[in-house]
Amino acid sequence: MTTRHDTAAPPSKGGAAPGRGPGDAVSPETAKKRARLSRRWQRDLRWSPYAFVSPFFLLFAAFGLFPLLYTGWASLHTVELTAPTDMEWAGLDNFTRIFDDEFFWNAAKNTLTIGIISTVPQLLMAMGLAHILNYKLRGSTFYRVVMLAPYATSIAAASLVFVLLFGRDYGMINWFLDLVGLDKIDWQSDKWPSQIAVSSIVIWRWTGYNALIYLAAMQAIPQDLYESAALDGASRWRQFIHVTLPQLRPTILFTVVVSTIGASQLFGEPLLFDANKGASGGSQHQFQTLGLYLYEQGWVNQHLGRASAIAWTMFLILIVIGIINYVISRRLRASS
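Basis of the calculations
Counting starts from 1 at the beginning of each chain's written sequence and moves along it residue by residue. At least 70 in pLDDT is required for a residue's local features to be given in this predicted model, at least 80 for side-chain atom pairs to be given and counted, and no such filter applies to totals for whole chains, interfaces and linings, which use all residues. Side-chain measures were taken over the full set of non-hydrogen atoms in the model, leaving aside hydrogen atoms and water. Put simply, DSSP H or I for four residues or longer makes a helix, DSSP E for two residues or longer makes a strand, and each gets a number counted from the N terminus. Exposure categories follow from relative accessible area, calculated using a 1.4 Å probe and restricted to protein chains: below 20% of the type maximum is buried, above 50% is exposed, and the middle band is partly exposed. Whether two residues are in contact is decided by their heavy atoms: any pair within 4.5 Å suffices. Here, Shrake-Rupley sampling with a 1.4 Å probe gives the accessible areas, and only protein chains in the shown set may cover a residue. Under the counting rule used here, the positive set is Lys and Arg, the negative set is Asp and Glu, and His together with the chain ends is not counted. Where a charge sits is defined by one atom per residue type, namely NZ (Lys), CZ (Arg), CG (Asp) or CD (Glu). Any residue with relative accessible area above 30% and no salt bridge may belong to a patch, with like charges joined within 9 Å and the nonpolar Val, Leu, Ile, Met, Phe, Trp and Tyr side chains within 5 Å. Note on definitions: salt bridges are taken to be side-chain nitrogens of Lys or Arg within 4 Å of carboxyl oxygens of Asp or Glu. What qualifies as a polar contact is a pair of N or O atoms within 3.5 Å, subject to a donor-acceptor requirement within protein and to the restriction that residues adjacent in sequence count only when both atoms come from side chains. Any two strands with at least two DSSP bridges between them are considered paired. Nonpolar cores were defined as sets of buried Ala, Val, Leu, Ile, Met, Phe, Trp, Tyr and Cys residues, with membership established by side-chain atoms within 4.5 Å. By definition, pLDDT measures how confident the predictor is in each residue, and it falls between 0 and 100. Geometry is summarised by axes, namely lines fitted to C-alpha atoms with helices restricted to the contacting stretch, and by angles between N-to-C directions that run from 0 to 180 degrees. Geometric relationships in this document are graded by angle, where less than 35 degrees denotes roughly parallel, more than 145 denotes roughly antiparallel, 65 to 115 denotes roughly perpendicular, and other angles denote oblique. Two helices that cross are described as forming a left-handed crossing if the nearer one is turned anticlockwise from the farther one by less than a right angle, and a right-handed crossing if clockwise. Side-chain classes are defined by residue name, with Ala, Val, Leu, Ile, Met, Phe, Trp, Tyr, Cys and Pro counting as nonpolar, Asp, Glu, Lys and Arg as charged, and the others, Gly among them, as polar. For Phe, Tyr and Trp, where Trp contributes only its six-membered ring, two rings pair if their centres lie within 6.5 Å, and the inter-plane angle classes them as stacked under 30 degrees, edge-to-face over 60, or tilted in between. Cation placement over rings: the criterion is NZ of Lys or CZ of Arg within 6 Å of the ring centroid and within 35° of the ring normal.

1. Quick notes on the overall build of the protein chain
Then step 1. Within the protein chain one finds 13 helices and two strands.
Then step 2. Judged by the C-alpha coordinates and their principal axes, the protein chain covers about 120 × 70 × 40 Å.
Then step 3. Burial status across the protein chain gives 33% buried among its 336 residues.
Then step 4. Considering only residue pairs separated by 6 or more positions, the protein chain has 66% of its internal contacts joining residues 24 or more positions apart.
Then step 5. Per element, the accessible surface of the protein chain, about 22000 Å² overall, is 65% carbon and sulfur.
Then step 6. Side-chain charges in the protein chain split into 28 positive and 22 negative, and the spacing between the mean points of these groups amounts to 19 Å.

2. Some words on a positive patch on the surface
Then step 1. Among the surface-exposed residues, K33, R36, R39, R40 and R43 lie close enough to one another that they form a single positively charged patch.
Then step 2. By the element assignment, R39 lies in helix α1 (residues 28-74).
Then step 3. A relative accessible area of 47% places R39 in the partly exposed class.

3. Side note on unusual backbone geometry
Then step 1. Positioned with a positive phi, H285 is a non-glycine residue whose angle comes to about 55°.
Then step 2. Relative to the helices and strands, H285 resides in the loop between α11 (268-273) and α12 (290-300).
Then step 3. Phi angles above zero are rare outside glycine, and Q302 is one such case at about 65°.
Then step 4. Tracing the sequence through the fold places Q302 in the loop between α12 and α13 (304-335).

4. Here we look at the side chain of S118
Then step 1. In this fold, S118 is placed in helix α3 (residues 102-133).
Then step 2. Within the structure, the side chain of S118 is placed 2.7 Å from the backbone oxygen of I114, a separation counted as a polar contact.
Then step 3. If sequence neighbours within four positions are ignored, S118 has contacts with S199, V202 and I203.

5. Points about the pairing of strand β2 (residues 83-89)
Then step 1. Counting buried positions along β2 gives zero out of seven residues, so the element sits mostly on the surface.
Then step 2. Here three bridges tie strand β1 (residues 77-80) to β2, and the two strands are oriented antiparallel to one another. Bridged to H77 within β2 is W89.

6. Overview of the nonpolar core
Then step 1. Within the largest apolar cluster, 17 residues are counted, with the highest numbers of intra-cluster contacts made by M127, A130, Y214, M218 and L248.
Then step 2. Those elements that provide at least two residues to this core are α3, α7 (191-219), α8 (223-231) and α9 (236-247).
Then step 3. In this view, M127 contacts Y214, M218, F240, L245, L248 and I252; residues no more than four positions away in its chain are not counted.
Then step 4. Core analysis: the second largest hydrophobic core is formed by 13 residues, A197, I201, L266 and F287 among them.

7. What to know about the confidence of the model for the protein chain
Then step 1. Looking at the protein chain, the pLDDT average stands at 85 and 92% of residues meet or exceed 70.
Then step 2. For residues 1-9, every residue scores under 50 in pLDDT, and the model assigns this stretch zero contacts once sequence neighbours within four places are set aside.
Then step 3. The low-confidence segment residues 12-19 (pLDDT under 50) makes three contacts with residues lying over four places distant or belonging to another chain.

8. Examining the side chain of E269
Then step 1. For E269, the location among the structural elements is in helix α11.
Then step 2. Judged by relative accessible area, E269 falls into the buried class, the value being 4%.
Then step 3. Looking at E269, its side chain comes within polar contact range of the side chain of R205, at 3.5 Å.
Then step 4. Residues in contact with E269, not counting those within four places in the same chain, are I155, S159, V198, I201, V202 and R205.

9. Details of the packing of α12 against α13
Then step 1. At a minimum axis separation of 7 Å, α12 and α13 run at an interaxial angle of 160°. Between α12 and α13, the angle falls in the class roughly antiparallel. α12 and α13 meet at a crossing whose hand is left-handed. The residues of α13 that touch α12, namely those facing L290, G291, Y293, L294, Q297 and G298, are L304, R306, A307, I310, A311 and M314.
Then step 2. When grouped by side-chain class, the residues that make up the contact of α12 with α13 number eight nonpolar, three polar and one charged.

10. Notes on the packing of aromatic side chains
Then step 1. In total, this model carries 21 aromatic pairs according to the counting rule given.
Then step 2. Considering the side-chain rings of F56 and F57, the 5.2 Å spacing of their centres and the 75° angle between planes classify their relative orientation as edge-to-face.
Then step 3. Where F273 meets F287, the ring centres are 5.7 Å apart and the plane angle is 75°; that geometry is what we call edge-to-face. Of this pair, F273 sits in helix α11 while F287 is found in the loop between α11 and α12, placing the two residues 14 residues apart along the sequence. As far as the burial class goes, F273 and F287 line up, both buried.
Then step 4. Chaining the aromatic ring pairs together yields one cluster made of F99, F104, W105 and Y293.
Then step 5. Cation over ring: K191 sits above W192, and NZ or CZ is 5.7 Å from the ring centre.

Here is the structure:
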């Protein structure tokens with residue numbers, strides 16, 4: 001058996017790694033270039049996320065924050081649409097004036113009643129539709145698309161169709177009432193019929209949207225809860241009451257708040273439902289909302305200062321709604 005007597009290379013000074021030759025030395029220019037590229041890479045890593053999200057903040061500042069601050073400043077002045085740059089300091093006179101205006105309180109009450117009439121049936125119907133679609137059905141995807149179609153329809157098209165349905169002389173609703181022997185209803189002139197008609201437009205447009213939100217929340221509920229309830233002998237109705245609804249409390253609160261905010265800003269439906277296509281909300285202001293009242297003061301009566309005060313009043317109402325939502329959601333999380 002032969003034995004190899006290879007001679008290993010002597011280790012270089014400074015450790016086992018081979019030493020750097022004179023030709024491998026980094027020049028000062030290369031070192032500066034590498035340091036400059038490293039600093040550039042670090043700056044890019046640090047500031048790139050801010051650059052990516054900056055378009056949103058720029059657009060928000062231009063079309064959200066600036067109008068909000070400007071209307072707040074205009075609400076403290078007497079300013080007309082014909083001369084928007086001529087401002088005369090008024091203090092809180094615009095706010096006290098609208099609070100003393102009976103038309104403001106009429107619009108606030110109409111907004112409240114239309115909001116209740118449209119929100120409560122809308123969310124109840126959405127819950128029922130979501131509960132039905134939560135079970136395995138043939139063509140469930142088709143039904144989901146159909147329910148979302150009213151939301152994708154323009155407000156103008158939907159409102160014009162409902163104007164034809166609720167027409168006094170030739171509307172299909174009055175035709176059906178006459179068919180069953182009931183008197184015809186003047187849906188655009190009477191207070192409660194007009195508010196019901198406007199609410200029906202809102203219900204038609206938003207029921208499917210809320211139903212899909214409820215459906216997504218129902219599909220996130222663990223099936224083990226339903227299986228345990230079924231083993232205990234609970235029917236489907238009891239499963240819905242004792243399993244589904246408690247699990248949907250945060251989602252229900254979210255839809256209630258969003259629907260309330262939408263109802264407080266209602267504008268397009270009552271504007272297009274008016275036979276005269278004005279901002280008065282009917283001949284007797286019977287379905288004039290706060291959005292219509294703001295539009296009437298600012299662009300019909302040309303009182304921009306007063307319209308700005310109305311806008312800020314609505315903004316403060318939305319803040320109160322948000323605070324109430326926050327308090328209730330915290331209590332729900334604490335109780336669960």
